[in-house]
Every structure is written in structure tokens, then in C-alpha cells.
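Below, each chain spelled out in residue letters.
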Amino acid sequence: MTLLTSRLQGYWEDKRKYPWHRIYSMIEKHWEKAGIDEDLGDVLILIRDAVFGALDIHSLSLAIDTPTADILDILLKAKDWSEGKKHVRNYCAKEIKTLVSKMKLDYLDDRALARDGFGYLVEDLRNAQL
């Protein structure tokens, strides 16, 4: 289990200690206070990659246009980590199906989808690629 995975799971134990529901407002507030010159976009991409990695869906970080805040919202509305992860994976599966049906295949890879547990969608992807 990665550190981020345990921190995400900790949200259901102590929301004050692991305030994932407020992460974007906290980042924005800190960024403005600190007057940091670095590009906020780079930090947000790293957070996105970390969240998708913690959910074991590495291949979808670029493929799905859904903002990370929305992914976190789906996850955190659940009663626990397992249910939240299931809801996010179901949402992502629907998004993959939509991308395939619209022939937006640029960031979808059949081997990566299979590795991430979306093997049941690989045949549709391959057919669309043909």
C-alpha cells in the first residue's frame, strides 16, 4: 500500500487529519499566501497522478477529462474506501466506453487497461482501433 493510498483511506477515519474534501481550496489558499512563482498546474498534475495511482487506475490519468476534484468527490461521497474506489472505477469504465464510442482513443492502451482491471473493455477498444 502506498503512502497516498493510506492517506486517502484515512479520510474515513479522521476528516480533520486527512481533509481530502478540502484539498483544492487549501492548495489555492496556500498558493496565494505564499506567493509561489511555480506553476500550480504542475502540482495539480502530480496530485492527479497520485490520486489515480492510489486508486490503481494509472492508465486513466490522461485519458479521462474529468477533473481530479470530481474524481475525489465521487470517492469521498462513499461510506468507505472500498465503496468509493468501486464508484470511481465504475465511473471510469463508463467514461472509457464513451471515449471508445466517440473514437477518442489517443490515450487508451489495451495492455494498460487490462493491467488496471478494465480487461473487459479491451475488446471494444481493439475493435474501435481497427
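Residues numbered from 1 in each chain as written. Predicted model: local features only at pLDDT ≥ 70, side-chain atom pairs only at ≥ 80, totals over all residues. Heavy atoms only, no water.

A. Spatial organisation of the pattern of salt bridges. Counted by the stated rule, this structure contains 5 salt bridges. Its salt-bridge partner being Asp 56, residue Lys 85 comes within 3.1 Å of it at the nearest N-O pair. Of this pair, Lys 85 sits in helix H5 (residues 81-101) while Asp 56 sits in the loop between helix H3 (40-54) and helix H4 (68-76), and the two are 29 residues apart along the sequence. Two residues, Asp 73 and Lys 77, come together in a salt bridge whose shortest N-O distance is 3.3 Å. (Salt bridge = Lys/Arg side-chain N within 4 Å of Asp/Glu carboxyl O. Helix = DSSP H or I, 4+ residues; strand = E, 2+ residues; numbered from the N terminus.)

B. Summary view of the environment of Ala 128. In this structure, Ala 128 sits in helix H7 (residues 122-129). Distance from Ala 128 to Trp 12, taken between C-alpha atoms, is 40 Å for residues 116 residues apart in sequence. Here Ala 128 is in contact with Val 100, Met 103 and Leu 105, once residues within four sequence places are set aside. (Contact = heavy atoms within 4.5 Å.)

C. Main features of the environment of Ile 47. Take Ile 47: it is sitting in helix H3. Since its relative accessible area comes to 15%, Ile 47 is described here as buried. Linking Ile 47 and Leu 4, residues 43 residues apart in sequence, is a C-alpha distance of 9.9 Å. With residues up to four places along the chain from it excluded, the contact list for Ile 47 reads Tyr 24 and Ile 27. (Buried < 20%, exposed > 50% of the residue type's maximum accessible area, 1.4 Å probe, protein only.)

D. Broad picture of the layout of surface pockets. Space inside the largest pocket adds up to approximately 230 Å³. Lining of the largest pocket is provided by 14 residues; of these, Ala 63, Ile 64, Asp 65, Leu 99 and Lys 104 occupy positions nearest its centre. Broken down by class, the residue content of the lining of the largest pocket amounts to 7 nonpolar, 2 polar and 5 charged. (1 Å grid on protein atoms, 1.4 Å probe; cavity = no way out; pocket = protein on both sides within 12 Å on 5 of 7 lines; lining within 4 Å. Points joined across faces, edges and corners; volume = space filled by probe spheres on them. Nonpolar A, V, L, I, M, F, W, Y, C, P; charged D, E, K, R; others polar.)

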